[in-house]
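Observations on the three-dimensional arrangement
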Amino acid sequence: MKIIVLGNYGPYPPAGGSCSGYLLEQDDCYILLDCGNGVLSNLQHFIEIKDLSAIIISHLHSDHISDLFILRYAWQMEMAKDPAIKPLAIFAPGVPKAEFMRIPYKDVFMLEALDKQKEVQIGPFSFSFLQTIHPVPCYAVSIVVGGQKKLVYSADTEYFSGLKDFSAGASLLLCEANYLEEDLQQGKTNHMSAFQAGSLALEAGVKDLLLTHLPAYRNGTLYLEEARKIFPGVSLAEEGRVYMCGSSSENEASLKNWVQLDVETDPIILSLLEGRLKSEGIPVLISGEALGGIYGLTTGPLAERKILVPSRCLEEAKEILLDIESQEPEDLL
Ligand SMILES: [Zn+2]
């Protein structure tokens, strides 16, 4: 199973950033988990809008739903173009009622309230939910594929012990970390600290931890360092990045449409290349980082880092690489 981060900030983004949104992919089934501002634009770097199978919304705060109000125009046009396209299924908490009632638009969405529904099955995905501690009803989401708990998404929440059992044994915990410990000490509520996210990952025995719902006003490295004090297998969820959840053999199978670029291992070249590819809308997967488990590829020294792109983008990616490599080193900085 792949998870593609389409937005990782909360409650508002910095310049060029986007709020919560994660695309799950398995067997050509695409589920969008939350739909904050900027997500619809980023989604189209990876799939066509009409390829979406369903949307699951954790809660009705604007940084998790605002692009639904734009998506409805796109889906309306898709339905008008192709009669085979049905209303898009959206599962969301039914409260606050006024917010919930803002979502329906003509016959474009098939909206279902999550409150009474503790399980949802869509294609290969089984979703189950746990209400969190947040100012509006909010649900953490567990995602099981093929009988294995691939991913748990904390959604927005304060830390509470129920999250531990809910997250137990997941391959990947995608956990909010809107605060540092110093914020909690100042009495801030409604969200978790990076340290709490690390503690939860440790207690729940998950393989890897991705921190998300990061604030726009601080450097993410501070969050990474705080969580790393207790859980080494932590990374920041990065917009535009593809992460793999599952065993190595499954990951390799689901990477069949990805190819490796023959690239120098110079870190400057690598980071320039990644930036250029992303800005051209080419999905990028880098192996050999801290997230070896998630990528399912061997974590190794810098010399073993590999950069992968979808095979359909290979020629375009090669041209960008040639362009970067043809520049003088001083021009690159
Ligand atoms: Zn929220």
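The structure under discussion appears in the preceding block.
Quick summary incoming for the structure in this document. (Residues numbered from 1 in each chain as written. Predicted model: local features only at pLDDT ≥ 70, side-chain atom pairs only at ≥ 80, totals over all residues. Heavy atoms only, no water.)

1. Overview of the sheet that holds strand 9 (residues 139–145)
- If you trace the seven strands from one edge of the open sheet to the other, you get 7-8-9-10-11-12-13, paired in mixed fashion. At either end of the open sheet lies a strand with only one pairing partner, and these are strand 7 (119–122) and strand 13 (234–236). The sheet shows a mean angle of 20° between the axes of neighbouring strands, direction not considered.
- Sheet topology places strand 7 next to strand 8 (residues 125–131); four bridges connect them, and they run antiparallel. Following the sheet pairing, Ile122 is matched in strand 8 by Phe125.
- In the packing of helix 7 (residues 194–204) onto the sheet, contacts are made with strand 11 (172–176) and strand 12 (208–212), and the angle to strand 11 comes to roughly 155°.
- Seen against the sheet, helix 8 (residues 220–228) touches strand 12 and strand 13 and runs at an angle of roughly 170° to strand 13. (Pairing = 2+ DSSP bridges. Helix = DSSP H or I, 4+ residues; strand = E, 2+ residues; numbered from the N terminus. Axes fitted to C-alpha atoms, helices over the stretch in contact; angles between N-to-C directions. Contact = heavy atoms within 4.5 Å.)

2. Thoughts on helix 7
- Most of helix 7 sits inside the fold, with eight of its 11 residues counted as buried.
- Along helix 7, the positions that sit buried rather than exposed are Ala194, Gln196, Ala197, Gly198, Ser199, Leu200, Ala201 and Ala204.
- Contacts made by the buried residues of helix 7 are with helix 5 (162–167), strand 11, helix 6 (181–185), strand 12 and helix 8.
- Looking at the residues trailing helix 7, positive phi occurs at Gly205, about 65°. (Buried < 20%, exposed > 50% of the residue type's maximum accessible area, 1.4 Å probe, protein only.)

3. Details of helix 3 (residues 68–81)
- The end-to-end C-alpha separation of helix 3 is 20 Å, in line with the 20 Å expected for 14 residues at 1.5 Å each.
- Inspection of helix 3 places Leu68, Phe69, Leu71, Arg72, Ala74, Trp75, Glu78 and Met79 among the buried residues, and these make up the whole buried set.
- Packed against the buried residues of helix 3 are helix 1 (39–43), strand 4 (54–56), helix 2 (62–65), strand 5 (88–92) and strand 6 (109–113). (Expected span 1.5 Å × (residues − 1).)

4. Quick word on the coordination of the zinc ion
- Within the protein, the atoms that donate to the zinc ion are His59 (NE2), His61 (ND1), His134 (NE2) and Asp156 (OD), at distances of 2.2 to 2.4 Å.
- Note that the zinc ion binds four donor atoms; their angles at the metal cover 89 to 175°, and the shape is irregular.
- Here the donor residues of the zinc ion share one chain and are spaced in sequence as H-x1-H-x72-H-x21-D. Of this pair, His134 sits in the loop between strand 8 and strand 9 while Asp156 is found in the loop between strand 10 (148–153) and helix 5, placing the two residues 22 residues apart along the sequence. Both residues of the pair, His134 and Asp156, belong to the buried class. (Donors = N, O, S within 2.8 Å, 3.2 Å for Na, K, Ca; no water. Tetrahedral: all angles 85-135°; square planar, octahedral: opposite > 155°, others 65-115°.)

5. Structural notes on the sheet that holds strand 14 (residues 242–244)
- One open sheet holds the seven strands; their spatial order is 6-5-4-3-2-1-14, and the pairing between them is mixed. Of all the strands in the sheet, the pair left with one neighbour each is strand 6 and strand 14. Strand-to-strand twist of the sheet, defined as the mean angle between neighbouring strand axes without regard to direction, takes the value 20°.

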